[in-house]
Amino acid sequence: MDNSAAVPGPAPQASADEIGRVEARGIDYVPERDRHSHPRDLAWAMFGPQFGFGNMVFGSLGIVFGLSWWSTFTAVTAGVALGSLIFTGVAIQSPKTGTNNAVSSGAFFGVRGRYLGSLISLVIGLAFFAILVWTAGQTIVVVFHRLIGTGTGDVALSIAMLVVSLLSFVLAIYGHATLVASFRFIAIASAGVSLLAVIVLAGKFHAVHGGSYLLEAYWPTWVLTMVLAALLPITWGPFIGDYGRYIPSGTNARTCALAAGLGIFAGCWLAEIVAAYATTTFEDPTTAFAIGFPAASPLWFAILLMIAPGGLANIESAAMCVYNAALDLQAVFWRLSRAQLTFVISAIGLAAAYVGLIGFNAIKSIEAFATLMLVTCTPWMVIMTIGHLLRHGWYEPNDLQAFAGGAKTGVYWFTGGFNVRAVVAWGAAVATGMLFASTSIITGPLTRHVSGIDLSFTSAAVVGGVLYYALVKIFPERGVMPIPRGGERGSTWRRGGVTLSG
């Protein structure tokens, strides 16, 4: 049933989601008539961008941390599998809510509690945008220096980063339809070039034995590598709704979950394994990945790397970060347009990339920052997944959009706009996760009781999920559940005079 006319929200826009046209819609509810996407689009959206160097770098870290090739292989495989499983849980909500994940989170955290999701998404979007623009700039500078001797200093790097940032901004401004249209071409091109590296660099590859561990012992270093491999699929979780909102609400949830899950796993796993493989060919494995990969390659292949994974995939992924972050920020500043916020995010992201990565070389702290992102993001996603399952995928789109009218009513108002159950569970989860963090910069006081192994995001996920479930059972959430007809759980539900199939 399409009740879009009754759904309030930020200035509903006429559909302009066409290739080559600037998308007019922001976080307002997407009516059924405008939902022209398909679950396979989720698979392509999550597969292709992972081959950008800013994403691939997370697969190279095991070699950098002193693990052997095979230990890195197992850590990456385990991490991506776990991260993809957690990611899959939040791929099924937006087709039902008709909006992005930040606004959808209001169903679990409250109309005001959605600010938490917006903040998490904004930090992740800015961080990855900075890394992607920086690594693309490094690749361009290295390859052009090999071609025509342009130099590799900060001036050349700044110019390259500015060009990449502008291209990403243009793609992000056009929005959903243009991004979706680019996914398949960029995915095939970038994945093809990345896999070709296995053949091109075969003569230099060697199964390094490792031994000089970053955290001084094998298992703590292996687990840290696994955690960082899981980071990539998990941090895409807050953004999957930006593409899922265009999928018809009647689409089978399992189909959406399977498409998104397979896409994210295949993209992240292949990209990270290729990155680890390539890093074994570096003369110095601690060389920045975006510099070492093209430097270790013959010039003709370095040019291909610059064009495809180091260029197109990085630009596409950076554009998605800007697009996603702008939508999430609109959940807070909903009176501004998506285009205006896209410009703001692009400018802030470029400044963050320059100041943080060039000025302060903050990339050295990447594993500590990654741990912080995981500890805050993972329990948020787990709580949303459990909430969705408990409610049988039922939502009130009107009440999710009620913030735009300033109304302090609706089933998602809870207590002062916050669902205390979810907020308390999330806060306890983050606190627990930080107690078990184990990185080169952040070490929680409880890590010594688990042999220095980083249990940060796994403990946060378990505590957040279990505590939220327990609180909901002890203090039921009123009005957010569909009412079974005849008092029986089954295929038909009644709510507000509307019959729903579930």
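Residues numbered from 1 in each chain as written. Predicted model: local features only at pLDDT ≥ 70, side-chain atom pairs only at ≥ 80, totals over all residues. Heavy atoms only, no water.

This part takes up the overall build of the chain. Helix and strand counts for the chain stand at 19 helices and three strands. Taken over 502 residues, the chain has a buried fraction of 59%. When contacts within the chain are restricted to residue pairs at least 6 apart in sequence, those whose partners lie at least 24 apart make up 82%. Of the roughly 18700 Å² of accessible surface on the chain, 68% is carried by carbon and sulfur atoms. (Helix = DSSP H or I, 4+ residues; strand = E, 2+ residues; numbered from the N terminus. Buried < 20%, exposed > 50% of the residue type's maximum accessible area, 1.4 Å probe, protein only. Contact = heavy atoms within 4.5 Å. Areas by Shrake-Rupley, 256 points an atom, 1.4 Å probe, with all protein chains shown as cover.)

Under the counting rule described, the total for this entry stands at four salt bridges. Its salt-bridge partner being Glu23, residue Arg245 comes within 3.0 Å of it at the nearest N-O pair. Of this pair, Arg245 sits in the loop between α11 (241–244) and α12 (253–279) while Glu23 sits in the segment before α1 (39–47), placing them 222 residues apart in sequence. Overall, the relative accessible area of 1% leaves Arg245 in the buried class. Across the pair Arg338 and Glu23 runs a salt bridge, and its minimum N-O distance is 3.9 Å. Residue Arg338 is located in helix α15 (residues 338–359), and its partner Glu23 is located in the segment before α1; the two are separated by 315 residues in the primary sequence. The class for Arg338 is buried, based on a relative accessible area of 2%. Through salt bridges with shared partners, a single ionic network connects Glu23, Arg245 and Arg338. (Salt bridge = Lys/Arg side-chain N within 4 Å of Asp/Glu carboxyl O.)

Take helix α19 (residues 456–474) next. The end-to-end C-alpha distance of α19, which contains 19 residues, comes to 27 Å, matching closely the 27 Å that a straight helix rising 1.5 Å per residue would cover. Considered for burial, the residues of α19 that qualify are Ser456, Phe457, Ser459, Ala460, Ala461, Gly464, Gly465, Tyr468, Leu471 and Val472. (Expected span 1.5 Å × (residues − 1).)

Most of helix α13 (residues 289–296) is tucked away, with six of its eight residues classed as buried. All buried positions along α13 are accounted for by Phe289, Ala290, Gly292, Phe293, Pro294 and Ala296. Where the residues of α13 are buried, they touch α2 (53–64), α7 (114–148), α9 (176–200), α12 and α14 (299–330).

Next up on the list: unusual backbone geometry. Trans is the prevailing form of peptide bonds, just as negative phi is the prevailing case for residues other than glycine. Unlike most non-glycine residues, His392 shows phi in positive territory, near 60°. Relative to the helices and strands, His392 is located in the loop between α16 (366–390) and α17 (397–400). Relative accessible area serves as the criterion here: at 37%, His392 is assigned to the partly exposed category. You will see that Phe414, though not glycine, has its phi angle at about 50°, which is positive.

The next point concerns the packing of helix α8 (residues 154–174) against α14. The interhelical angle for the contact between α8 and α14, taken along N-to-C directions, is 60°, at an axis separation of 8 Å. Put simply, α8 runs oblique to α14. Crossing geometry of α8 relative to α14 is assigned as right-handed. Contacts from Val164, Leu167, Ser168, Leu171 and Ala172 of α8 reach α14 at Ile315, Glu316, Ala318, Ala319, Val322 and Tyr323. Tallied by class, residues from the contact of α8 with α14 come to nine nonpolar, one polar and one charged. (Axes fitted to C-alpha atoms, helices over the stretch in contact; angles between N-to-C directions. Parallel < 35°, antiparallel > 145°, perpendicular 65-115°, else oblique. Left-handed = near helix turned anticlockwise from the far one by under 90°. Nonpolar A, V, L, I, M, F, W, Y, C, P; charged D, E, K, R; others polar.)

Attention now goes to the nonpolar core. Phe109, Phe128, Phe289, Phe293, Tyr412 and Tyr468 are the most contacted members of the largest nonpolar core, which totals 142 residues. Of the residues forming this core, the biggest block, 15 residues, is contributed by α14. Filtering out sequence-adjacent residues up to four positions away, Phe128 remains in contact with Asn55, Phe58, Leu231, Leu232, Thr235, Cys321 and Met373. (Core = buried A, V, L, I, M, F, W, Y, C linked by side-chain atoms within 4.5 Å.)

This brings us to the environment of Glu23. Take Glu23: its relative accessible area is 3%, and that puts it in the buried class. Expressed as a C-alpha distance, the spacing of Glu23 and Ala339, which sit 316 residues apart in the sequence, is 8.5 Å. Within the structure, the side chain of Glu23 is placed 2.6 Å from the side chain of Tyr246, a separation counted as a polar contact. (Polar contact = N/O pair within 3.5 Å; in protein donor to acceptor, adjacent residues only side chain to side chain.)

A few words on the packing of aromatic side chains. Counted by the stated rule, this structure contains 24 aromatic pairs. For the pair Trp300 and Phe301, a centre-to-centre distance of 5.6 Å together with 70° between the ring planes defines the contact as edge-to-face. A relative accessible area of 0% places Phe301 in the buried class. Connected via pairs of aromatic rings, a cluster forms that spans Trp69, Trp70, Phe73, Phe205, Phe265, Trp269 and Tyr277. (Phe/Tyr/Trp six-rings, centres within 6.5 Å; stacked < 30°, edge-to-face > 60°.)

Right, let's get into the side chain of Glu477. Mapped onto the secondary structure, Glu477 falls in the loop between α19 and β1 (483–484). Overall, the relative accessible area of 10% leaves Glu477 in the buried class. Here Arg391 takes part through its side chain, which lies 3.0 Å from a polar atom of the side chain of Glu477. In this structure, Glu477 is in contact with Arg391, Phe414, Asn419, Arg421, Tyr468 and Val472, ignoring residues within four places of it in sequence.

Turning next to a nonpolar patch on the surface. Taken together, the side chains of Leu196, Val198, Ile199, Trp300 and Leu304 define a hydrophobic patch exposed on the protein surface, amounting to about 450 Å² of accessible area. At the level of secondary structure, the elements contributing two or more residues to the nonpolar patch comprise α9 and α14. When residues of the nonpolar patch are assigned to their parent elements, the largest contribution, three residues, is made by α9. The topology assignment puts Leu196 in helix α9. (Patch = residues over 30% accessible without salt bridge, like charges linked within 9 Å, V, L, I, M, F, W, Y side chains within 5 Å.)

With 89% of its residues at a pLDDT of 70 or more, the chain shows a mean pLDDT of 86. For the chain, per-element mean pLDDT is lowest for strand β3 (residues 498–501), which scores 38, and highest for helix α3 (residues 69–88), which scores 97. Residue range residues 1–6 is modelled with pLDDT below 50. Its contacts to residues more than four positions away, or to other chains, number 11 contacts. In this model, residues 11–15 is a region of pLDDT below 50 whose contacts with residues beyond four sequence positions or in other chains number eight contacts. (pLDDT = per-residue confidence, 0-100.)

With that settled, the discussion passes to the environment of Ala266. Within the fold, Ala266 resides in helix α12. Along the primary structure Ala266 and Phe47 are separated by 219 residues, whereas in three dimensions their C-alpha atoms are 6.5 Å apart.

The next subject is the environment of Val193. As for its placement among the helices and strands, Val193 is situated in helix α9. Judged by its relative accessible area of 12%, Val193 is buried. For the pair formed by Val193 and Phe301, sequence separation is 108 residues and the distance between their alpha carbons is 8.5 Å. Among residues more than four places away in sequence, those in contact with Val193 are Phe301, Leu304, Leu305, Ala308 and Pro309.

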